[in-house]
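A closer look at the structure
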Amino acid sequence: MKKVVKSLVVLTSVLAMGACSPDKKETATSSSTKATEKTEATSGASEQSYTDPTEMKKAYDIVIVGAGGAGMSAAIEAKDAGLNPVIFEKMPVAGGNTSKSSSGMNASETKFQKENGINDSNDAFYEETLKGGGGTNDKELLRYFVDHSADAINWLDQNDIKLDNLTITGGMSEKRTHRPSDGSAIGGYLVEGLLKNVHERNIPIFVNTDVTDIKENDGKVNEVIVQVQGEKPKDITGKAIIVTTGGFGANGEFIKKYRPDLEGYVTTNQSGSTGDGITMIEKLGGQTVDMDKIQIHPTVQQDEGVLIGEAVRGEGAILVDQTGKRFVNELDTRDKVSAAITALPEKSAYLIFDQGVRDRAKAIDFYEKKGYVTSGESIEELAEKMNLPKEDLSQTIETWNTAVAAKKDEQFDRTTAMDHDLSQPNYYAIKIAPGIHYTMGGIKINTNTEVLNKEEQPITGLYAAGEVTGGLHGNNRIGGNSVAEIIIFGRQAGIQAAKYAAEN
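Cut-offs and rules
Residues numbered from 1 in each chain as written. Predicted model: local features only at pLDDT ≥ 70, side-chain atom pairs only at ≥ 80, totals over all residues. Heavy atoms only, no water. Core = buried A, V, L, I, M, F, W, Y, C linked by side-chain atoms within 4.5 Å. Buried < 20%, exposed > 50% of the residue type's maximum accessible area, 1.4 Å probe, protein only. Domains from an automatic or database assignment. Contact = heavy atoms within 4.5 Å. Buried area = accessible area lost by both parts, 1.4 Å probe. Salt bridge = Lys/Arg side-chain N within 4 Å of Asp/Glu carboxyl O. Polar contact = N/O pair within 3.5 Å; in protein donor to acceptor, adjacent residues only side chain to side chain. Nonpolar A, V, L, I, M, F, W, Y, C, P; charged D, E, K, R; others polar. UniProt positions renumbered as here; feature names shortened; annotations may be inferred. Helix = DSSP H or I, 4+ residues; strand = E, 2+ residues; numbered from the N terminus. 1 Å grid on protein atoms, 1.4 Å probe; cavity = no way out; pocket = protein on both sides within 12 Å on 5 of 7 lines; lining within 4 Å. Points joined across faces, edges and corners; volume = space filled by probe spheres on them. Axes fitted to C-alpha atoms, helices over the stretch in contact; angles between N-to-C directions. Parallel < 35°, antiparallel > 145°, perpendicular 65-115°, else oblique. Left-handed = near helix turned anticlockwise from the far one by under 90°. Pairing = 2+ DSSP bridges.

A few words on the nonpolar core. One finds Ile62, Phe88 and Met105 to be the most contacted residues of the largest nonpolar core, which totals 97 residues. Here this core gathers at least three residues from each of two domains, domain 1 (55-293 + 440-503) and domain 2 (296-435). Grouped together as the second largest cluster of nonpolar side chains are 43 residues, Val337, Ala363, Val373 and Ala429 included.

Attention now moves to the domain arrangement of the protein. Assigned domains within the protein: domain 1 (55-293 + 440-503) and domain 2 (296-435). Spacing between the C-alpha centres of domain 1 and domain 2 amounts to 31 Å. Listed as interface residues are 25 residues of domain 1 and, on the opposing side, 21 residues of domain 2. Counting each side, the surface lost to burial between domain 1 and domain 2 is near 1700 Å², with a carbon and sulfur contribution of 55%. The largest contributions to the domain 1 side of the interface with domain 2 come from Ile168, Thr268 and Asn476, which together make up 24% of the buried area. Summed over the shared surface of domain 1 and domain 2, the result is two salt bridges. A salt bridge links Asp419 to Lys175, with the shortest nitrogen-to-oxygen separation between them at 3.2 Å. At the junction of domain 1 with domain 2, the criterion picks out eight residue pairs in polar contact (both at pLDDT 80 or more). Of the residues that constitute the side of domain 1 that touches domain 2, the class distribution is seven nonpolar, 14 polar and four charged.

This part covers the UniProt feature "domain: FAD-dependent oxidoreductase 2 FAD-binding" (unreviewed entry) in the protein. In the numbering adopted here, UniProt assigns the feature "domain: FAD-dependent oxidoreductase 2 FAD-binding" (unreviewed entry) to residues 61-483. A distance of 26 Å separates the end C-alpha atoms of residues 61-483, which is 31% helix and 23% strand.

Summed over all chains, the structure comprises six cavities of 30 Å³ or more. Considered as a void within the structure, the largest cavity measures approximately 610 Å³ in volume. Listed by contribution, the elements that provide at least two residues to the lining of the largest cavity are α1 (69-80), β9 (209-217), α8 (276-283), β18 (427-439) and α15 (481-503). No other element matches α15, which puts four residues into the lining of the largest cavity. For the lining of the largest cavity, the residue count by class is 13 nonpolar, 24 polar and nine charged.

This next bit is on the packing of α1 against helix α6 (residues 186-200). Orientation of α1 relative to α6, taken along the N-to-C sense of each, is 30°, at an axis distance of 10 Å. By the angle between their axes, α1 is roughly parallel relative to α6. As α1 packs across α6, the resulting crossing turns out to be left-handed. Touching Gly69, Met72, Ser73 and Ile76 of α1 are Val191, Leu194, Leu195, Asn197 and Val198, all from α6. In terms of residue class, the contact of α1 with α6 is made up of six nonpolar, three polar and no charged.

Quick look at the layout of surface pockets now. Estimates place the volume of the second largest pocket at around 300 Å³. If you trace the second largest pocket, you find 17 residues lining it, with Lys131, Gly171, Leu331, Asp332 and Thr333 closest to the centre. Contributions of two or more residues to the lining of the second largest pocket are made by α3 (122-132) and α10 (334-342). For the lining of the second largest pocket, a count of residues per class yields two nonpolar, eight polar and seven charged. Looking at which domains feed residues into the lining of the second largest pocket, each of domain 1 (55-293 + 440-503) and domain 2 (296-435) supplies at least three.

Here we take up the environment of Ile281. Its location among the elements puts Ile281 in helix α8. The class of Ile281 is buried, set by a relative accessible area of 0%. Sequence-wise, Ile281 and Val65 are 216 residues apart; in three dimensions their C-alpha atoms are separated by 12 Å.

A few words on the sheet that holds strand β7 (residues 177-179). Here three strands make up an open sheet; going across it, the order is β5-β7-β6 and the pairing antiparallel. Each having just a single partner strand, β5 (105-106) and β6 (165-167) make up the two edges of the open sheet. Direction of pairing for β5 relative to β7: antiparallel, over a ladder of two bridges. Residue Met105 lies in a different strand from β7, and its bridge partner there is His178.

Right, let's talk about α3 for a bit. Looking only at α3, the buried set comprises Asn122, Phe125, Tyr126, Glu128, Thr129, Leu130 and Gly132. Tucked inside the fold, the buried residues of α3 contact β5, α4 (139-147), α5 (149-158) and α15. Of the residues one or two after α3, Gly134 is the one with positive phi, at around 70°.

A separate point is the side chain of Asn165. Tracing the sequence through the fold places Asn165 in strand β6. On the basis of relative accessible area, Asn165 is assigned to the buried category, the value being 19%. Polar side-chain contacts of Asn165 include one of 2.7 Å to the side chain of Arg179. Setting aside residues up to four positions removed in sequence, Asn165 forms contacts with Thr177, His178, Arg179, Pro180, Ser181, Asp182 and Gly183.

So, in structure tokens, the structure goes:
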């Protein structure tokens, strides 16, 4: 029987670190020294087992570097294809940035949309994502992405991970953001479900195990160097290597190199997101794309730097400035909403919502427990507590409710998330400002998730998926597309690597 060690798996339902003030404590770390720190404690936790380091073998069919959503999806597919995969994770727990995911997973033409009477199309999903990315998206990756999104939802459902609660995110015209049944944040639920499937298949998963190098031998990438805490480095071989190490949003040196204008911003990323996979793949000749495309998320709580999920706006919240007035289409793309907030004199704003929004966006319960939410029995009471002009805020709400009733926003042309007005006491506010959230750039891959070199040729035996890759999102990622990416391309990496390994 396989030995296991137990660790505290952090099921982060709703959080992502971030803020835009340079004097905040949680800035993007300038090195990977924080990589071995324990992930931030969050809204819930459960004890989870990992494979004992003494059980580590010298060779596996497929070596997967990184235990986030993409890595675990790849491992499950590889195992189901009859191969013997292993997962190495440098952090003390599995999950990575997947644990921090909040809003949901975008997909089109799904069975859950049809059950809810939502008439969506892959073409609409494609066009809106392309528009959101400024037309700079890798079109082949994007086409594969949207055309395989519904199947990814079905695959999760078949593995007891049900995402049947629908909402909408900025830049989308339909409710295609899939969430857990109770409307809660997707991160912890998804990580727990994937880990359960990993364990049911007896896939070895080693934590506190840092892959420090990936090697090519005789023209094939088939070896990694792993460093288990407190032990000497080990050479582990695999017929194929899949890199799913995430982005570089917590690496201050990378941020400074590619976007010096963002130096000092707080990151929403978990501390292990330091770009290690990108660095190792570049040494093997892998090509990078869009490295300067770094997304700022508009709604980040500033004192502790926790991301306030897009689902709050997707369920009907509005944004107001310090005069109590709206200033932007709240569900425009993230880059545009962030720019509008940054353009305000105070460079911050307030999310305003009612009890109805709170009931529909369960993540708000966590925000209140953390002390981020201010409440009032009336708009006037809320305005007084937030030091906002009472009459102006009341007029803003009245105007908004009229717009919802007419299904027409005369002020900012908002057309989505207007199903409910803000008329159900109590009323709530959260102060927010933008923060570093996501790195669109990374390693270039093809639709088979093969890593491409500078001559656009696949590097034999090397695959990558998730935020470590670049090109899919163009210059701006749509909310809900990152979770879709890790499942869709994580699965593809597992399938393609297994096919390659079986033939070699």
